[in-house]
Amino acid sequence: MSEKKTIHIEDKVPFRLLVPLSIQHMFAMFGASVLVPFIFGINPAIVLLTNGVGTLLFILITKGKAPAYLGSSFAFLAPAGIVISNWGYEYALGGFVAVGFCGCILALIIYKFGTKWIDVVLPPAAMGPVVALIGLELAGSAASTAGILSGTEYVLDEASGLYNQVVTPVNMNNALVFLITLGVAVFGNILFRKFLAVIPILIAIIAGYVSAVIFGVIDMATISEALATPFFTLPNFMLPKFSADAILIILPVILVIASEHIGHQVVTSEIVGRDLLKEPGLHRSLFADNFSTMLSGLVGSVPTTTYGENIGVMAMTKVYSVRVIAGAAVLSILCSFIGPMSALINTIPGPVIGGISFLLYGMIGTSGIRIMVDSQVDYSKSRNLTLTSVVFVTGLSGAAISFGNVQLTGMVLACIVGMILSLLFYAFDKFKLTNDRDEE
């Protein structure tokens, strides 16, 4: 009999379990979530604050029925980078607010017209591969973060005038830390029992961190500097500025975040065994997600989104309690004000984050395959085989389409292609043109 007990969404969790489980969720999102403010050049403390507040608001708006942690969105990086270079970060904030507001309007439209259209626009044969791509296209990111990919560059030889290929080998210490972190996560998920069985991710992070110290990936001076940070620090708040040009550059991202949100809610539904698109409803979760983005933009933070890392943690641990998610949110808020804590967490090295992400992203990809299996997709039908094939190839091929300054690629482009094909197949069915439709 399995030792790993499922903790459901509404279950109360004893305090002795609540704290480590919440820490596990916070650590899972931390590496990716603080990367976005680093890229934008702002202090990550404000992001920890708004991620926590946004997550609590999400839980409140969804009536505690949808477990999700809101972290920093990567979808805004390209257009926001253009705005920041031309007008400054304040105008990017105005764009974040505008996108969040429009997303809230979209949620109200869904509330009015319902969600039945989703099965027409993205049937399981298309939704499954789209969800799988959420994890699969992040696999390279996990490996890169871990430092287990060799680098190649071309250096000009001034004497000959030719470029020589220079390959930077993988640092073996990084590789060892990565393998230890991943190994503890993988085998812990299979071998740990009782209390340890629900916190394999946290144990893997601790084991990875200790090994990083042993192998010199982190030096003690870095840890000492983190601990010497002033105890109380105040996040840097900033007000947005609005420009029509800046908003128009960022606004198309709404297509990206809407498809990403639906994908995340579908995969979470599969994991927890409930249709979250119906209860609490896609309109509630989408509204909460975008309201959090709007609020973040108003105070100087980065846009938020439901996080795949935390979905992966739920899939691995079978702990779905919103109380655990709320606990992680509270800890994130505390970290934004407690200097040594946020600084120490910030020292978690790439090989540790990469080792955890390596497994979690794979689990998200597998969840997409599970959608197709659970929905019993009939691949003897040409439409289903075609839909899944085209969506997968589009997402993994590297193909891209640009609209102004916004580039659609990967999962987002695959989602749009899948939607177009699904609508065409639906129309063909209505006109009785398809050769594989069920005879009535």
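Above this text sits the structure in question.
Just so it is clear, the model here is predicted, and its values are computed rather than measured.

Whenever I open this one, the pattern of salt bridges confuses me. Can you help?
Pairs can form between side chains of opposite charge once their charged atoms are near each other. One pass over the full model with this rule turns up five salt bridges. Notably, a salt bridge pairs Glu279 with Lys65, separated by 2.8 Å at the nearest N-O pair. Taken together, the residues Glu279 in helix 13 (residues 277–299) and Lys65 in the loop between helix 2 (45–61) and strand 1 (70–72) connect sequence positions 214 residues apart. A salt bridge links Asp374 to Arg370; the nearest nitrogen and oxygen atoms lie 3.3 Å apart. In this pair, Asp374 and Arg370 both sit in helix 17 (residues 350–374), four residues apart, roughly one turn of the helix. Beyond isolated ion pairs, a larger network of salt bridges with shared partners links Lys63, Lys65 and Glu279.

Would you mind showing me how to read the nonpolar core here?
If you look at soluble globular proteins, the nonpolar side chains tend to sit buried side by side. One finds Leu21, Tyr89, Phe96 and Ile348 to be the most contacted residues of the largest nonpolar core, which totals 108 residues. In this structure, Ile61, Ala68, Leu70 and Ala288 belong to the second largest nonpolar core, which totals six residues.

Where do I start with helix 14 (residues 308–317) in this structure?
Within helix 14, nine of the 10 residues are buried, leaving the element largely enclosed by the surrounding structure. Residues Gly308, Glu309, Asn310, Ile311, Gly312, Val313, Met314, Met316 and Thr317 constitute the buried set of helix 14. With its phi angle positive at about 60°, Lys318 sits one or two positions after the end of helix 14.

Got a minute to help me understand empty space enclosed by the protein in this structure?
Picture a little ball the size of a water molecule; that probe, rolled over the atoms, points out where space is still empty. Under the definition given, this model contains one cavity of 30 Å³ or more. If you add up the space inside the largest cavity, you get close to 30 Å³. What lines the largest cavity is simply Pro67, Ala68, Tyr69, His264, Gln265, Thr268, Thr306, Tyr307, Asn310, Ile311 and Met314. Elements represented by at least two residues in the lining of the largest cavity include exactly helix 12 (253–272) and helix 14.

Explain unusual backbone geometry to me, please; I cannot follow it from the model alone.
In terms of backbone geometry, most residues other than glycine have negative phi values and most peptide bonds are trans. Of the consecutive residues Glu279 and Pro280, the connecting peptide bond is found in the cis state with omega at 10°. Phi angles above zero are rare outside glycine, and Gln376 is one such case at about 50°. Residue classification places Gln376 among the exposed positions, given a relative accessible area of 69%. Even without being a glycine, Lys432 presents a positive backbone phi close to 55°. By the secondary structure assignment, Lys432 is in the segment after helix 19 (410–430).

Which parts of the structure should I look at to understand the side chain of Asn384?
Summarising the element assignment, Asn384 is placed in helix 18 (residues 382–396). For Asn384, the residues in contact, after removing those within four places along its chain, are Ala125, Val377, Asp378 and Tyr379.

Just checking my understanding: could you explain the packing of aromatic side chains for this structure?
For any pair of aromatic rings, the description consists of the separation of the ring centres together with the inter-plane angle of the planes. Counted according to the given criterion, the structure contains seven aromatic pairs. Relative to Phe358, the ring of Phe178 has its centre 5.2 Å away and its plane inclined at 85°; by these criteria the two rings are edge-to-face. Residue Phe178 is found in helix 8 (residues 172–191), and its partner Phe358 is found in helix 17; the two are separated by 180 residues along the sequence. On the basis of relative accessible area, Phe178 is assigned to the buried category, the value being 5%. Ring geometry for Phe232 against Phe337: centres 6.1 Å apart, planes inclined by 15°, an arrangement best described as stacked.

Cut-offs and rules
Residues numbered from 1 in each chain as written. Predicted model: local features only at pLDDT ≥ 70, side-chain atom pairs only at ≥ 80, totals over all residues. Heavy atoms only, no water. Salt bridge = Lys/Arg side-chain N within 4 Å of Asp/Glu carboxyl O. Helix = DSSP H or I, 4+ residues; strand = E, 2+ residues; numbered from the N terminus. Core = buried A, V, L, I, M, F, W, Y, C linked by side-chain atoms within 4.5 Å. Buried < 20%, exposed > 50% of the residue type's maximum accessible area, 1.4 Å probe, protein only. 1 Å grid on protein atoms, 1.4 Å probe; cavity = no way out; pocket = protein on both sides within 12 Å on 5 of 7 lines; lining within 4 Å. Points joined across faces, edges and corners; volume = space filled by probe spheres on them. Contact = heavy atoms within 4.5 Å. Phe/Tyr/Trp six-rings, centres within 6.5 Å; stacked < 30°, edge-to-face > 60°.

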